[in-house]
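Structural overview for review
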Amino acid sequence: MPEPSHTFPPPSPDSDTAPINYPPPMGPPGRSFHDNHDSNTTYHEAYCQALMEAPVPPPVGQMPWFCVCSHCKGTQGPKGEQGGRGLPGRPGSSGRRGLTGSVGPPGFVGRQGIKGQKGDDGLKGDKGPEGRVGPKGDRGLKGDKGDRGLGGPQGDQGPKGDDGVCPDVCEAIQGLPGQQGLPGPVGGRGLPGVIGPPGSQGPKGDRGAAGAPGTPGADGPKGDVGADGECDCQDGDAGSPGEKGDKGDKGEQGEGGSQGRKGDHGEKGDLGVMGIMGPPGPCMPGVHSSFSVGLSTAFPPPNTPVIFSRVFHNVQGHYDPATGLYTAPINGTYVFSYHLTVYEWVLKVGLFHNFIPVVKNTEAAHLGTVSQQVVLHLARGDRVWLLVKDHVTNGMYTSNEASSTFSGFLLHPDTCDMFQLRQPIFPMSPAEGQYSWGILPGANSTLVPPTTTDQ
């Protein structure tokens, strides 16, 4: 039970009495502000009598406890039973903060919490102080000799020289003989000359050598039979061989002889005449398209294709280094890839096909790399390019020690019809500002963290 208040209200303003000087207050039961305990009863009675005779007596609730209960004093009765528990009191005011206790022993390592959502991109920090110039490096190796440059154009004709002055003595001075000139080209064959008139008869020549024997004459007619000669006959000398007879009939084929030895290797013959072109083969040699380019300026601007102006390979010219666009020359399947260096800023980059994002990457490392490869089917005239999101996430970097590249090639065409390659490709030049970041088709942008159940 709270202690009764000992402050009493002042007299009413309408009262004519002077302010009352109340006796000093008393403490709680069993305690007094005076040291004389023997005179407590007399003092209590005088104090209570003064309060009761005051012009404006205090209310009962503000009367001291001994004034209200003085007439109830009696002998002390037996101790009563313990009363029931009272209602809880109002909470007390907070006490002063205690001293900081000593550090307790480390607790057990708790389970890993749920991964939080990705925070917002931070602002770009201030540029740090410029570092000191490093020591001079060693002298590099001598590079390979470059290719011979193309011949320059012929220079303009020089001005006309001053007129010469004739010397006093106009005698010719023999100069040094000049170097022998190159032989001139062979002249064309001249026309045949006109037949000249016959010459006069020359003198009689010397006797010539004996000529070859003449051809035998024809056989004469057969003569008459002569008279019989005398019978004293002897064999005469052998006659001369007769003339060669006519060619006889072809005889039967004889048996085949043994194989002869291999003859010597003959000389190489002359090159024959080129034959006609054969029919076209499969699709492979007919259609080619490939490119590989590098970034030359770090931190490219957004809302426009990234321009890779450093060309490594672009024989067919299907990639335009001035606009950053690759144009498909024919319907077919194509392969594209990019390998990018990230430095200092966050990089958000995507590969786009006709203003629609195909793949995207995000890299928040201070120094890192991003790589991607994708296979697409393109129609003739379709365009493909790379794009960064905005000025805060364009951390694509290049330097003497780091490179960022973009490459692509035709895997195979859909048809062997070469007629499509001769058709014109209509230009696709959208107005400025239409290269937007967009949303990946079919991508779920709502991230819901997994829920766990505590055991």
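This is a predicted model, so every value here is computed, not measured. Throughout, residues of each chain are indexed from 1 in the direction in which the sequence is written. The model is predicted, so local features are restricted to residues of pLDDT at least 70 and side-chain atom pairs to those at 80 or more, both for listing and for counting; the totals for chains, interfaces and linings are taken over all residues. Each side-chain value is worked out from all heavy atoms of the structure, with water and hydrogens disregarded.

So, on to the overall build of the protein. Here a strand is any run of E in DSSP of at least two residues, a helix any run of H or I of at least four, and the numbering for each starts at the N terminus. Helix and strand counts for the protein stand at two helices and 10 strands. Taken over 455 residues, the protein has a buried fraction of 18%. Summed over all atoms, the accessible surface of the protein reaches about 40400 Å², with 54% contributed by carbon and sulfur. Type-normalised accessible area, obtained with a 1.4 Å probe on protein chains alone, sets the label of each residue: buried when under 20%, exposed when over 50%, and partly exposed for intermediate values. Each accessible area value is a Shrake-Rupley result obtained with a 1.4 Å probe; residue values ignore everything except the protein chains displayed when judging cover.

This part covers unusual backbone geometry. A positive phi angle, near 75°, is found at glutamate 344, a position not held by glycine. Within the fold, glutamate 344 resides in strand β5 (residues 332–353). A positive phi angle, close to 70°, is found at phenylalanine 355, a residue other than glycine. Relative to the helices and strands, phenylalanine 355 is located in the loop between β5 and β6 (356–363).

By the secondary structure assignment, alanine 298 is in the loop between β1 (290–294) and β2 (310–313). Sequence-wise, alanine 298 and valine 342 are 44 residues apart; in three dimensions their C-alpha atoms are separated by 9.7 Å. In this structure, alanine 298 is in contact with Met396, Tyr397 and Thr398, ignoring residues within four places of it in sequence. We call two residues in contact whenever any of their non-hydrogen atoms come within 4.5 Å of each other.

Another aspect to go through is the pattern of salt bridges. Here a salt bridge means any side-chain nitrogen of Lys or Arg lying within 4 Å of a carboxyl oxygen belonging to Asp or Glu. One pass over the full model with this rule turns up one salt bridge. With a closest N to O distance of 3.9 Å, aspartate 121 and lysine 348 form a salt bridge. Here aspartate 121 is found in the loop between α2 (65–68) and β1, whereas its partner lysine 348 is found in strand β5, with 227 residues between them in sequence.

What follows covers the confidence of the model for the protein. Each residue carries a pLDDT score, the predictor's own confidence in it, on a scale running from 0 to 100. Looking at the protein, pLDDT values average 78 and 77% of them are 70 or higher. Of all the helices and strands in the protein, α2 carries the lowest mean pLDDT, 74, while β1 carries the highest, 97. Low pLDDT (under 50) marks residues 1–20, which in the prediction has 18 contacts with non-local residues, meaning those over four places away or in another chain. Scored below 50 in pLDDT, residues 26–35 makes 16 contacts in the model with residues more than four places away or belonging to other chains.

Residues enter a nonpolar core if they are buried and are Ala, Val, Leu, Ile, Met, Phe, Trp, Tyr or Cys, with the set joined through side-chain atoms within 4.5 Å. If you look at the biggest cluster of nonpolar residues, it comprises 29 residues, and the most contacted ones within it are Phe308, Phe336, Tyr338, Leu351, Met396 and Phe406. If you tally residues by element for this core, the top one is β5, at eight residues. Other than its neighbours up to four places away in sequence, leucine 351 contacts Phe336, Tyr338, Ile356, Pro357, Val358, Val359, Val374, Leu376, Val384, Trp385, Leu386 and Phe406.

The next subject is the packing of aromatic side chains. The geometry of an aromatic ring pair is captured by two quantities: the separation of the ring centres and the angle between the planes. Only rings of Phe, Tyr and Trp enter the pairing, Trp through its six-membered ring, and a pair is recorded when the two centres are within 6.5 Å. The plane angle decides the type: under 30 degrees is stacked, over 60 is edge-to-face, the rest tilted. Considering all chains together, one arrives at 14 aromatic pairs under this definition. A centroid spacing of 5.2 Å and a plane angle of 5° characterise the contact between phenylalanine 291 and tyrosine 319, whose relative ring orientation is stacked. With phenylalanine 291 in strand β1 and tyrosine 319 in strand β3 (residues 319–320), this residue pair connects regions lying 28 residues apart in the sequence. Taking the relative accessible area as the measure of exposure, phenylalanine 291 reaches 3% and is therefore buried.

Another point: the side chain of threonine 333. Structurally, threonine 333 is set in strand β5. On the accessibility criterion, threonine 333 (14% relative accessible area) is buried.

Here we take up the side chain of arginine 383. Along the chain, arginine 383 turns up in strand β8 (residues 383–388). The charged-residue count follows a simple rule in which Lys and Arg add positive charge and Asp and Glu add negative charge, with His and chain termini not counted at all. Here arginine 383 occupies a buried position and makes no salt bridge, while the nearest side chain of opposite charge, aspartate 382, is found at 7.0 Å. Any pair of nitrogen or oxygen atoms within 3.5 Å is treated as a polar contact; in protein, a donor-acceptor pairing is required on top of that, and neighbouring residues in sequence qualify only through side-chain atoms on both sides. Reaching out from arginine 383, the side chain makes a polar contact with the side chain of threonine 327 at a distance of 3.2 Å. Looking at arginine 383, its side chain comes within polar contact range of the main-chain oxygen of glycine 381, at 2.7 Å.

This part takes up the environment of glutamate 363. Position of glutamate 363 among the secondary structure elements: in strand β6. Sequence-wise, glutamate 363 and leucine 347 are 16 residues apart; in three dimensions their C-alpha atoms are separated by 5.3 Å. What glutamate 363 contacts, discounting residues up to four positions off in sequence, is Val342, Val346, Leu347, Thr369 and Val370. There is a polar contact of 3.1 Å between the side chain of glutamate 363 and the backbone nitrogen of alanine 365.

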